Amino acid sequence: MNLTPAPPSALSASENVPHAASPQDVVAAFDTSLEDGLSTEEAKARLRKFGPNRLARRRPARVARLLWHQFESPVVLLLIAAAAVAFFFWEWKEGIAIGLVLLINGAIGFVTELRAARSMEALRQLGNLTTRVRRNRRMLLVPAEELVPGDIVLLEGGDIVTADVRLAASSNLSADESTLTGESVAVDKVTAAVCADSAIGDRACMAFKGTAITRGSATGVVVATGLDTELGLISKLVEDAAPEHSPLESQLHKLSGQLIKLTLLIVAILGTLGVLQGGDDLLIIKASIALAVAAIPEGLPVVATMALARGMWRMARHNALVERLSAVETLGATTVIFTDKTGTLTENSMQLQEIDCGDVVLEASPETHRFDAATPDGANGGAACLGKVLTASLLCNNAELSVDDDNHIGDPLEQALLAAGKAEGMDKQAMEQRFPRVREIAFDSTAKLMGTVHLFDDAYVMWVKGAPEEVLGACSASIQPDGSHAGLSPETRAFWKSRTDMMAARGMRVLAVASRCLKSPNDARYSGLTFLGLLGLHDPPRDDVQHAIAQCRSAGIRVIMLTGDHAVTARNIARSVGLTDNGPIILEGRTLRPMDDMTADELQEVYHADVFARVSPAQKLELVAAFQRNGEIVAMTGDGVNDAPALKQADIGVAMGLRGTQVAREAAAMVLRDDAFSSIVAAIREGRVIFRNIQKFVTYLLSCNLSEVLVVGTAILVGLPLPLMPLQILFLNLVTDVFPAFALGVGEGSEEILDRPPRDPAKPIVTRPLWVAIVLHSLIISSATLGAFGLAQEYLDLTSQEAVTVSFFTLAFAQLWHVFNMRDPRSGLIVNEITRNRFIWIALAISSGLLFLAVFLPVAAAPLDLQILSPDAWILVAGMSLMPLCLGQITKAISRLRHE
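Residues numbered from 1 in each chain as written. Predicted model: local features only at pLDDT ≥ 70, side-chain atom pairs only at ≥ 80, totals over all residues. Heavy atoms only, no water.

A look at the pairing of strand E2 (residues 138–143)
For the record, the criterion: At least two bridges found by DSSP between two strands is the condition for calling them paired. A run of DSSP states H or I qualifies as a helix once it reaches four residues; a run of E qualifies as a strand once it reaches two. Both are numbered from the N-terminal end.
Sheet topology note: the strand E1 (residues 130–135)/E2 ladder contains six bridges and is antiparallel. Its bridge partner lying in E2, Arg132 is registered against Leu141. Connecting E1 to the antiparallel partner E2 that follows it, the hairpin turn spans two residues, and Asn136 within it adopts a positive phi of roughly 55°.

Here's the deal with the sheet that holds strand E21 (residues 611–613)
Operational definition: For helices, the axis comes from a line fit to the C-alpha atoms of the stretch in contact; other axes are also lines fit to C-alpha atoms, and the angle between any two N-to-C directions lies between 0 and 180 degrees.
Spatially, E8-E24-E23-E22-E9-E19-E21-E20 is the arrangement adopted by the eight strands of the open sheet, whose pairing is mixed. Looking at which strands have only one partner, the edges of the open sheet turn out to be strand E8 (320–322) and strand E20 (586–588). If you compare each strand with its neighbour and ignore which way they point, the axes differ by 20° on average. The pairing of strand E9 (residues 336–339) with strand E19 (residues 558–563) spans four bridges and is parallel. In the strand pairing of E19, Phe338 is matched with Ile560.

Focus on the environment of Val712
Convention followed: Throughout this description, buried means an accessible area under 20% of the type-specific maximum (1.4 Å probe, protein chains only), exposed means over 50%, and partly exposed covers the range between.
Relative to the elements of secondary structure, Val712 occurs in helix H24 (residues 677–718). For Val712, a relative accessible area of 0% translates into the label buried. On a C-alpha basis, the gap between Val712 and Pro723 in space is 6.8 Å, while along the polypeptide they are 11 residues apart.

A closer look at unusual backbone geometry
Within the chain, Asp457 stands out as a residue other than glycine whose phi angle is a positive 60°. The residue Asp457 is located in the loop between strand E13 (449–456) and strand E14 (459–466) in this model. Phi is positive for Asp865, which is not a glycine, with a value near 55°. Tracing the backbone through its elements, the reader meets Asp865 in the loop between helix H29 (858–864) and helix H30 (871–899). What makes Asp865 partly exposed here is its relative accessible area of 27%.

A look at helix H14 (residues 412–423)
As a reminder, the rule being used: By definition here, a helix of n residues has an expected span of 1.5 Å times n minus one.
Between its first and last C-alpha, H14 extends 16 Å over 12 residues, near the 16 Å set by a 1.5 Å rise per residue. Listed as buried for H14 are Pro412, Leu413, Glu414, Gln415, Ala416, Leu417, Leu418, Ala420 and Gly421. Positive backbone phi, approximately 80°, marks Gly425, located one or two places after H14.

Brief notes about the pairing of E13
Most of E13 sits out of view: six of its eight residues are buried. In this sheet, E13 lies alongside strand E12 (residues 437–444) in antiparallel orientation, the contact comprising five bridges. Directly across from Arg439, in E13, lies its bridge partner Val453. In the sheet, E13 pairs with E14 via eight bridges, with the strands oriented antiparallel. Bridging across to E14, Met450 finds its partner in Lys465.

Some thoughts on the state of the cysteines
Filter applied, for reference: Two cysteine sulfurs form a disulfide in these notes if their separation is within 2.5 Å.
Applying the stated criterion across every chain, the model contains one disulfide. Shown here is the disulfide that connects Cys357 with Cys385, its sulfur atoms set 1.9 Å apart. The chirality of the disulfide connecting Cys357 with Cys385 is right-handed, given an S-S dihedral of about 80°. On the criterion of sequence distance, the pair formed by Cys357 in the loop between strand E10 (351–356) and strand E11 (361–363) and Cys385 in helix H13 (residues 381–395) is long-range, its members being 28 residues apart.

A look at the nonpolar core
Keep this limit in mind: Residues belong to one nonpolar core when they are buried, are Ala, Val, Leu, Ile, Met, Phe, Trp, Tyr or Cys, and are joined through side-chain atoms within 4.5 Å.
If you look at the biggest cluster of nonpolar residues, it comprises 115 residues, and the most contacted ones within it are Phe677, Ile694, Phe697, Val698, Val806 and Leu851. It is H24 that provides the largest number of residues to this core, a total of 18 residues. Judged by nonpolar contacts, the second largest core, of 34 residues, contains Ala399, Ala416, Met450 and Leu535.

Section: the side chain of Ser679
Put simply, the rule reads: In this analysis, two residues are considered to be in contact whenever any of their non-hydrogen atoms come within 4.5 Å of each other.
Looking at the element boundaries, Ser679 is found in helix H24. Residues within four places of Ser679 in sequence aside, it is in contact with His318, Asn319, Ala320, Leu672 and Asp674.

Topic: the pattern of salt bridges
Stated formally: Any carboxyl oxygen of Asp or Glu that lies within 4 Å of a side-chain nitrogen of Lys or Arg is treated as forming a salt bridge with it.
In total, this model carries 27 salt bridges according to the counting rule given. The residue Arg46 makes a salt bridge to Glu42 at a minimum N-O spacing of 2.6 Å. Of this pair, Arg46 and Glu42 both sit in helix H3 (residues 40–50), four residues apart, roughly one helical turn. Given a relative accessible area of 9%, Arg46 falls into the buried group. For Glu42, a relative accessible area of 32% corresponds to the partly exposed category. The partner of Glu424 in a salt bridge is Arg370, with the nearest N and O atoms 3.2 Å apart.

Looking at the confidence of the model for the protein
This is how it is decided: A residue's pLDDT is the predictor's confidence in that residue, given on a scale from 0 to 100.
Summarising the model, the protein shows a mean pLDDT of 83, and 84% of its residues fall at 70 or more. For the protein, helix H1 (residues 9–12) is the element with the lowest average pLDDT, namely 39, and helix H27 (residues 800–817) is the one with the highest, namely 95. When the criterion is pLDDT under 50, residues 1–15 qualifies, and its contacts beyond four places in sequence or with other chains add up to 25 contacts. Between residues 237–244, whose pLDDT stays under 50, and residues either more than four places distant or in other chains, the model counts seven contacts.

Describing the packing of aromatic side chains
This is how it is decided: Only the six-membered ring of Trp is used, alongside the rings of Phe and Tyr, when aromatic pairs are assigned; centres must lie within 6.5 Å, and planes under 30 degrees apart are stacked while those over 60 apart are edge-to-face, with the rest tilted. Here, a charge over a ring means that NZ of Lys or CZ of Arg falls within 6 Å of the ring centre while also lying within 35 degrees of the ring normal.
The tally for this structure, following the rule as stated, stands at 15 aromatic pairs. Ring centres 6.3 Å apart and planes at 40° place the aromatic pair Phe731 and Phe808 in the tilted group. Of this pair, Phe731 sits in helix H25 (residues 726–745) while Phe808 is found in helix H27, placing the two residues 77 residues apart along the sequence. Exposure remark for Phe808: the relative accessible area of 0% places this residue in the buried category. Put simply, the rings of Phe731, Phe808, Phe809, Phe813, Trp817, Phe852, Phe856 and Trp874 touch in pairs and so form one group of aromatic residues. Over the aromatic face of Phe691 sits the side chain of Arg759, whose NZ or CZ is 3.7 Å from the ring centroid.

Looking at the packing of H24 against H27
So the rule is basically this: The labels follow the angle: roughly parallel below 35 degrees, roughly antiparallel above 145, roughly perpendicular from 65 to 115, and oblique for the rest. Handedness of a crossing is defined here by the sense of rotation of the near helix relative to the far one, left-handed for an anticlockwise turn of less than a right angle and right-handed for a clockwise turn. Just so you know the grouping, Ala, Val, Leu, Ile, Met, Phe, Trp, Tyr, Cys and Pro go in nonpolar, Asp, Glu, Lys and Arg go in charged, and all remaining residues, Gly too, go in polar.
Interhelical geometry of H24 versus H27 gives an angle of 160° and a closest axis separation of 11 Å. Here H24 lies roughly antiparallel to H27, going by the angle between them. The handedness of the crossing between H24 and H27 comes out as right-handed. On H27, the residues touching Tyr700, Cys704, Ser707 and Glu708 of H24 are Leu811, Gln815 and Leu816. Across the contact of H24 with H27, the residue classes tally to four nonpolar, two polar and one charged.

Regarding the side chain of Arg614
What counts is decided by this rule: Counted as a polar contact is a pair of N or O atoms within 3.5 Å, where, for protein atoms, one must be capable of donating a hydrogen and the other of accepting one, and residues adjacent in sequence contribute only when both atoms are in side chains.
Topologically, Arg614 is positioned in the loop between E21 and helix H21 (617–629). Polar contacts involving the side chain of Arg614 include one to the side chain of His566, which spans 3.0 Å. Apart from residues no more than four positions distant in its own chain, Arg614 is found in contact with Lys448, Ala467, Pro468, Glu469, Thr563, Gly564, Asp565, His566, Glu588, Gly589 and Gln619.

Observations regarding the environment of Ser679
Looking at Ser679, the relative accessible area reads 4%, which means it is buried. Between the C-alpha atoms of Ser679 and His318, which are 361 residues apart in sequence, the distance is 6.0 Å. At 3.3 Å, the side chain of Ser679 and the backbone oxygen of His318 are in polar contact. For Ser679, the side chain forms a polar contact with the side chain of Asp674, separated by 2.9 Å.

Okay, structure coming up:
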């Protein structure tokens, strides 16, 4: 892309190398302004001309590929082989039936997987990036796709750069360009031009699309978007990555493979026995086909995909956007949550509540949010205190208040300072016009300070805000009541520390402000400052946090607070939200040694702490790793660029969607769209529900299929006629397997699911107790079916075809009623998560209707070899099919009594 259709002479020799031109020339070439930005109309025109700012999108799931996927699994291949064997021996009816089942099952799987794929694509749209731009002299947040060449963008630490940008002004700016260059060390950025032939990694005056700002701030002009960016040029050469498969899906595929091997072994053994016993070859072939069909749970992969997709949508409705499938199952195993305080446990609706200048303490009115600057002696000390503190707070500030009070931009704390100034009639824009900003020292999470330099009449003034202890450490003087400056004695420093602790003890977030007169902007540094005062901001706990933490404790999940705030502030919040029954155990970051150097006793002290205050990003990473080494499954919340390593290290990284940086959101496995702690708990519950649903339908499918194998296998071993024909088993697998399994996969879960400890992630989906339950249920169902088959022949004197019909319906309804055996043993007999699931009742109604149509509709009854039964036969079917349900409920009652 050329910089402009008719570039000025300053750029004519290097149209495509903005890094070799000065910022002024680049701004002029794009016909824009650093102060005003583009107009809305011009931005729209350029968007039409250059197109959306996006790379080649991840291709939507292809219909043909999804359709083919339904017929490439080992399970389907085995069924195809069974159909081929049937055709080879001229068993047309069975072969055609297997083919029809494959088509129907494939259609169901195709529709389900297509909907799941489209759902995932829609979910990804919820996480689109935005960028701060200056248009019409105002700062706006616009979708990254709407950026155009010539836009003036504002970058801060934690931002993902969304276009190629020529930097025009910067402060302490560093960028992680590893996605582009492979260089893991952050690159310091400047505004000076470089040589035209410089390599990408040497273009220090450029910020490239896809890279991350790790520190500082900058203003720049967009010079390339979409596929014209450096990342876009590379992306043209890159194919889409393979789709992600979660460990749970891999376990299901492995289970399917094991079932196929077991099926082939059973068919081989029973076929050999049949031949050795001199059985009828045709009967042996039919029995082998029946066994092969009976042993395979055709709906297993389809239901699993649907359960995961629906579960992720339920999480999205609870404001938890899951970025990776593997996170869904890990959520249910979480044992420790490291949570931030501000905005997660609290409302993140900060208000400046108190200003302390030492001799004067001002409190905001709860109604008007204004400060009463009047003092008892009638002096103007209150007004002077308010003026100097708010001036520092507004000028040393990067936030913007919107006109509609609904779309503010910037850090919530800085927004609160602007709101306080607005209530007192002080406007940031007006103040910056009077005292123009000439330099910024961007906020540094290590130094915990931010500074700006402004032209103040004929001199320069540096305003600083930050953590009180850090501001005090950089100060050498303070302002006295008469306006004079006095040195900071140890007693004065102790006084301000005690006032800081008093504010923090009341649950306030405490900031300090300071200033310094300068001869030149280049003299700006954090030393020799004059201390101005303290600001106390109140951020009340969220109403739902206490209940959410109580749920975590019932669920066996520890909640630990990690905060950069004061220990006394953290203690106050911890008590108010019920973090512990007794007083919280608090450790401060300054007292923590490196984990590798700690003794066993020190590590135990760390493991038992409830709050870690004043911790650095590096310490957060160490804490996450230490708890993981101690066997915990760790969820970690974060919002800043420096939280990204800890978010990646955690088993579940949880980024804040409202106040979180783009870097944090990219590193996390889950994004909270409302930043609320209760949303984490809701997501953990959904994670447990999803895994439990998968366990339920796997148990249901395997016990149903194993019962069919036992019915056919037992008949062959004892020399009985086949109680079920291959076509009948196919029909049962389609009717009694798929619909109830689907219903189990979308269940809402039991109310008690958060009243039990987290599961062990190392355990398989089908645990030993579940295998025992599968075998037990299948034995009962197969016994009831064989019993009904025998009674139909011996006592009701039915024909062979009628007896087979009896066994068919006994097995069918026994499997349908068996769905109620999937309830949690701790739940009620009548009211439980199964009976509350409306999809269960819909599945039972559909399945029962199809079963009755199969016998009463001649076109279906003939190929299935079914006969209309007498009333006595139906009574036998009803009684024997209910026996597994009754015995299953008795077993659950005994199990519940044993555990009480």
